[in-house]
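What follows is each chain in one-letter form.
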Amino acid sequence: MPDTVVFIPAFNEEANLPAVLEELRSGLPAVDVLVIDDGSTDATADVARSYGADVVSFGENRGLRIGIATGYREAMERGYAICGRVDADGQHPVAELARLIALVRADACDVAVGSRFAAGEGYEADRYAPSPSRRFGIGLLQGAMRLRLGRRFMDATSGMAAVNAAAMPLMAEPYTSGAPEVEALLRLHRAGLRVEEVAVEMRPRASGQSRLHGAVAWKLVVTVIGTLIFFGWLRHRRG
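Note that this is a predicted model, so its numbers are computed, not measured. (Residues numbered from 1 in each chain as written. Predicted model: local features only at pLDDT ≥ 70, side-chain atom pairs only at ≥ 80, totals over all residues. Heavy atoms only, no water.)

### Observations concerning the confidence of the model for the protein
Alright, step 1. When pLDDT is averaged across the protein, the result is 87; 82% of the residues are at 70 or more.
Alright, step 2. Here residues 208–213 is a poorly scored stretch, pLDDT under 50, and it has 14 contacts once near neighbours within four places are set aside; other chains count. (pLDDT = per-residue confidence, 0-100. Contact = heavy atoms within 4.5 Å.)

Structural data, given as structure tokens:
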């Protein structure tokens, strides 16, 4: 049995999944692949199985935060040492995910998060040029994260990550906010786990729209900041 699984939250992604699954099979042939089918009404589950992926299907659409928690919980309960996550829209190159998995495997960190906006060797800080309004929203998110975490974090809503077994229980807890990636970072920070933000390249979305676009962007900014402010209250409420 491989010691690594990569999960993909997916809702009505039959058109995009084949390319994502083929890239995973080619770039990371030694990992297991799990698709969290979030109540899709198309052939998402059938397509995933046809490419050799295991599938967990919900009877109805339950939302991204449930899909994320389920992916990490399945990885933990099945006994994997490392769990990776990519999105189903083709945005996340498997070669970059492989770098994150390698860092976790080498025990350089407990969690490696792929970042569009962090700089690194071979990765210019300004390689992405968002619109002025989107840049403003991103700046607000980055500033809020710095205040809450006491460190700079450039891409708090990134959906590309690799985690080890120590982090899985925290990542698998049900999420109570509309910003699960941010809530996860707060949990990890509180637990004292090592989180490394790693510069990566990401592709344009094959379909759909960025969460930092137009009115949706401002809703996300408000949601993230609310999560940062009320994180302690949310944990108490969940308990």
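There is more to say, and it comes next.
### Things to note about helix α3 (residues 64–77)
Alright, step 1. Relative to the 20 Å expected for 14 residues at 1.5 Å per residue, α3 spans 20 Å between its end C-alpha atoms, a close match to the ideal helical length.
Alright, step 2. Downstream of α3 by one or two residues, G79 has phi in the positive range, about 85°. (Helix = DSSP H or I, 4+ residues; strand = E, 2+ residues; numbered from the N terminus. Expected span 1.5 Å × (residues − 1).)

### Considerations on helix α1 (residues 17–27)
Alright, step 1. Along α1, the residues that are buried comprise L17, P18, V20, L21 and L24. Down the axis of α1, the buried side of the element spans an arc of 165°, and every buried residue falls inside it. Those residues of α1 that are exposed and angled more than 90 degrees off the buried face are A19 and S26.
Alright, step 2. If you follow the buried residues of α1, they end up packed against β1 (4–10), β2 (32–37), α2 (44–50) and α4 (94–105). (Buried < 20%, exposed > 50% of the residue type's maximum accessible area, 1.4 Å probe, protein only. Arc of directions from axis to C-beta.)

### Here we look at the packing of aromatic side chains
Alright, step 1. Summed over all chains, the structure comprises 1 aromatic pair.
Alright, step 2. Taking 4.9 Å as the distance between ring centres and 80° as the angle between the ring planes, the aromatic pair formed by F7 and Y72 counts as edge-to-face. Of this pair, F7 sits in strand β1 while Y72 is found in helix α3, placing the two residues 65 residues apart along the sequence.
Alright, step 3. By relative accessible area, which is 0% here, F7 ends up buried.
Alright, step 4. Looking at R62, its charged tip hangs above the ring of F58, at a distance of 4.7 Å from the centre.
Alright, step 5. A cation sits over an aromatic face here: R187 above Y175, 4.1 Å from the ring centre. (Phe/Tyr/Trp six-rings, centres within 6.5 Å; stacked < 30°, edge-to-face > 60°. Lys NZ or Arg CZ within 6 Å of the ring centre and 35° of its normal.)

### With respect to the pairing of strand β5 (residues 111–115)
Alright, step 1. For β5, a buried count of 5 out of 5 residues is recorded, marking the element as mostly surrounded by other parts of the structure.
Alright, step 2. As paired elements, β5 and strand β6 (residues 161–164) share 3 bridges and run antiparallel to each other. If you follow V113 over to β6, its bridge partner there is A161.
Alright, step 3. Pairing geometry for β5 and strand β7 (residues 195–199), over 5 bridges, is parallel. Bridging from a neighbouring strand, V111 pairs with V195 of β7. (Pairing = 2+ DSSP bridges.)

### Some thoughts on the pairing of β2
Alright, step 1. In terms of residue burial, β2 counts as a mostly covered element, since 5 of its 6 residues are buried.
Alright, step 2. Direction of pairing for β1 relative to β2: parallel, over a ladder of 6 bridges. The residue of β2 that forms the bridge with P9 is I36.
Alright, step 3. The β-α-β motif built from β1, the intervening α1 and the parallel element β2 has right-handed crossover chirality.
Alright, step 4. Read from β2 through α2 to strand β3 (residues 54–57), the crossover connection turns out right-handed. (Right-handed = clockwise from strand over helix to strand, strands pointing away.)

### Looking at the sheet that holds β7
Working definition: the strands of a sheet are paired by backbone hydrogen bonds and lie parallel or antiparallel to each other.
Alright, step 1. Spatially, 7 strands are ordered β3-β2-β1-β4-β6-β5-β7 in an open sheet, and the strand pairing comes out mixed. Taken across any chain shown, the strands that pair with only one partner, and hence form the sheet edges, are β3 and β7. The mean inter-strand angle of the sheet, taken between neighbouring strand axes irrespective of direction, is 20°.
Alright, step 2. Running at roughly 165° to β1, α3 makes contact with β1, β2, β3, β4 (82–85) and β6 of the sheet. (Axes fitted to C-alpha atoms, helices over the stretch in contact; angles between N-to-C directions.)

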